[in-house]
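Analysis of the macromolecular model
What follows is each chain in one-letter form.
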Amino acid sequence: MGFTALGMLVPLALAVLGYIAWVIIGAANGTAQTSGTIAGLGLRAPVRVMRDARGVPHIRAASVHDAAFAQGYVTGADRLFQIDITRRFVLGTLSEMLGSVTMQAD
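Below: a short report on this structure. What you see is a predicted model, and the numbers here were worked out from it, not measured in a lab. Numbering of residues begins from 1 in every chain and follows the order in which that chain's sequence is written. Selection of residues for local features in this predicted model requires a pLDDT of at least 70, selection of side-chain atom pairs for listing and counting requires 80 or more, and totals for whole chains, interfaces and linings are taken over all residues. Only hydrogens and water are set aside when side-chain values are computed; all heavy atoms of the structure are taken into account.

1. Considerations on the overall build of the chain
Here is the rule: Here a strand is any run of E in DSSP of at least two residues, a helix any run of H or I of at least four, and the numbering for each starts at the N terminus. By the convention used here, residues are in contact when the closest approach between their heavy atoms is within 4.5 Å. Here the accessible surface of atoms and residues is derived via Shrake-Rupley with a 1.4 Å probe, and residues count as covered only by protein chains that are part of the display.
For the chain, the count of helices and strands is four helices and two strands. Restricting the contact set of the chain to residue pairs at least 6 apart, pairs at least 24 apart contribute 14%. Surface summary for the chain: the accessible area is close to 8,500 Å², and the carbon and sulfur share equals 67%.

Following this line, the structure appears as structure tokens:
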């Protein structure tokens with residue numbers, strides 16, 4: 001009987017540890033990338049995004065198309081949390097993420 005309980009506990013413990021690792025990695029990678037290079041976005045020419053001391057992005061691009069694409073990408077990366085909160089508010093599912101505090105809004 002003890003061996004069976006242990007046999008069930010080990011996979012459960014591994015699943016919990018895996019989930020915790022997934023959450024930690026997701027939180028670490030969930031912020032906007034503010035340095036480095038991103039490739040494969042479908043731009044026609046290289047685009048440079050520089051941020052000033054306050055974190056405000058300044059975009060330099062060879063075409064309006066590339067500038068607009070970069071603006072959308074930067075805005076989406078910077079404001080993804082707000083976009084998600086707004087989507088959940090409209091769908092009435094805020095409480096799934098924030099708990100019973102937002103039941104009135106749902």
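2. Some remarks on the pattern of salt bridges
Spelled out, the test is: Salt bridges are defined by distance alone: a side-chain nitrogen of Lys or Arg within 4 Å of a carboxyl oxygen of Asp or Glu. Partly exposed describes any residue whose relative accessible area lies between the buried limit of under 20% and the exposed limit of over 50%, with all areas from a 1.4 Å probe on protein chains only and scaled to the type maximum.
For the coordinates displayed, the defined rule picks out four salt bridges. The closest approach of N and O atoms between R51 and D78, which form a salt bridge, is 3.0 Å. In this pair, R51 sits in strand β1 (residues 48-51) while D78 sits in helix α2 (residues 64-78), placing the two residues 27 residues apart along the sequence. On the basis of relative accessible area, R51 is assigned to the partly exposed category, the value being 26%.

3. So, a nonpolar patch on the surface
The condition is simple: Put simply, a patch holds well-exposed residues, over 30% relative accessible area, that have no salt bridge, with like charges counted together within 9 Å and Val, Leu, Ile, Met, Phe, Trp or Tyr side chains within 5 Å.
Taken together, L9, V10, L12, L14, V16, L17, Y19, I20 and I24 make up a surface patch of nonpolar side chains, about 900 Å² in accessible area. By secondary structure assignment, the location of L12 is in helix α1 (residues 2-29).

4. Some words on the side chain of S95
The criterion, for reference: What qualifies as a polar contact is a pair of N or O atoms within 3.5 Å, subject to a donor-acceptor requirement within protein and to the restriction that residues adjacent in sequence count only when both atoms come from side chains.
Mapped onto the secondary structure, S95 falls in helix α4 (residues 94-98). Overall, the relative accessible area of 15% leaves S95 in the buried class. A polar atom in the side chain of S95 sits 3.4 Å from the backbone nitrogen of M103. The residues contacting S95, other than those within four sequence positions of it, are T102, M103 and D106.

5. Some points on helix α3 (residues 80-91)
Defined as follows: Expected span, for any helix, means 1.5 Å times one less than how many residues it has.
The terminal C-alpha atoms of α3 lie 16 Å apart, and with twelve residues this matches the ideal 16 Å at 1.5 Å per residue to within 8%. Directly beyond the C-terminal end of α3, a positive phi value near 75 degrees is found at G92.

6. Considerations on the environment of T75
Of note, T75 is situated in helix α2. One polar contact links T75 to Q71, side chain to side chain, over a distance of 2.8 Å.

7. A look at α2
Note the following rule: In this context, the arc is that of the directions from the helix axis out to the C-beta atoms.
Over its 15 residues, α2 extends 21 Å from the first C-alpha to the last, a length consistent with the 21 Å expected when each residue adds 1.5 Å. Of all the positions in α2, only D66, A70 and V74 are classed as buried. Around the axis of α2, the buried residues are gathered within 65 degrees of arc, so they sit on the same side. Residues of α2 that are exposed and angled more than 90 degrees away from the buried face: V64 and A68. Where the residues of α2 are buried, they touch β1 and β2 (57-60).

In short, geometric facts, not functional conclusions.
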